[in-house]
Amino acid sequence: MDIDTDILISAVECRPILWDKSQELYKDRNGTKNAWEEVCVELKSNFNSLQNSEKNEFGEFVYLFIFE
């Protein structure tokens with residue numbers, strides 16, 4: 001899988017819920033889940049049409065791409 005690093009950085013950067021621990025919403029699990037889904041949609045235009053297992057696989061790939 002390929003990920004456009006510039007799009008990823010921009011997508012995460014504009015969603016402080018994913019990185020700004022000083023925000024109250026940072027602790028909101030549903031909010032962060034939704035934000036990660038939005039990031040995945042920006043990275044993969046057909047993300048919403050994928051099966052749940054494929055969504056999970058792509059989401060894990062994105063998460064590991066960032067944190068490894």
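Check the entry above for the structure.
Here is what the cut-offs are and how they apply
- Residues numbered from 1 in each chain as written.
- Predicted model: local features only at pLDDT ≥ 70, side-chain atom pairs only at ≥ 80, totals over all residues.
- Heavy atoms only, no water.
- Helix = DSSP H or I, 4+ residues; strand = E, 2+ residues; numbered from the N terminus.
- Rg over C-alpha atoms; globule rule 2.2 N^0.38 Å.
- Contact = heavy atoms within 4.5 Å.
- Areas by Shrake-Rupley, 256 points an atom, 1.4 Å probe, with all protein chains shown as cover.
- Lys, Arg positive; Asp, Glu negative; His and termini not counted.
- Charge placed at Lys NZ, Arg CZ, Asp CG, Glu CD.
- Salt bridge = Lys/Arg side-chain N within 4 Å of Asp/Glu carboxyl O.
- Buried < 20%, exposed > 50% of the residue type's maximum accessible area, 1.4 Å probe, protein only.
- Polar contact = N/O pair within 3.5 Å; in protein donor to acceptor, adjacent residues only side chain to side chain.

Colleague: Sorry, what's going on with the overall build of the protein chain here?
Modeller: Within the protein chain one finds three helices and zero strands. The globule rule puts the C-alpha radius of gyration for 68 residues at 11 Å, and the 12 Å found for the protein chain is close to it. For the C-alpha atoms alone, the extent of the protein chain along its principal axes is close to 30 × 25 × 20 Å. Sequence-distant contacts in the protein chain: of pairs separated by 6 or more residues, those separated by 24 or more amount to 43%. Surface summary for the protein chain: the accessible area is close to 5,100 Å², and the carbon and sulfur share equals 47%. Seen as two clouds, the 7 positive and the 14 negative side-chain charges of the protein chain have centres 7 Å apart.

Colleague: What's the story with the pattern of salt bridges in this structure? I'm lost.
Modeller: Pairing between side chains becomes possible if they bear opposite charge and their charged atoms approach one another. A full pass over the atoms with the stated rule returns three salt bridges. When the shortest N-O distance is used, the salt bridge between Arg15 and Glu42 registers 2.8 Å. Note that Arg15 is positioned in the loop between α1 (5–13) and α2 (29–43) and Glu42 in helix α2, a separation of 27 residues in sequence. Judged by its relative accessible area of 38%, Glu42 is partly exposed. The closest approach of N and O atoms between Lys33 and Glu37, which form a salt bridge, is 2.7 Å. Here Lys33 pairs with Glu37, and both are found in helix α2, just four residues apart, close to one helical turn. Look at Glu37 and you get partly exposed, because its relative accessible area is 33%. Three or more residues are tied together by salt bridges with common partners; here these are Arg15, Glu38 and Glu42.

Colleague: I keep staring at the side chain of Thr32 and nothing clicks. Help me out?
Modeller: Structurally, the position occupied by Thr32 is in helix α2. Among the polar contacts made by the side chain of Thr32, one reaches the main-chain carbonyl oxygen of Arg29 at a distance of 3.0 Å. Each residue touching Thr32, except ones within four places of it in the same chain, is listed here: Ile17, Leu18, Leu25 and Tyr26.

None of this, on its own, says anything about what the molecule does.
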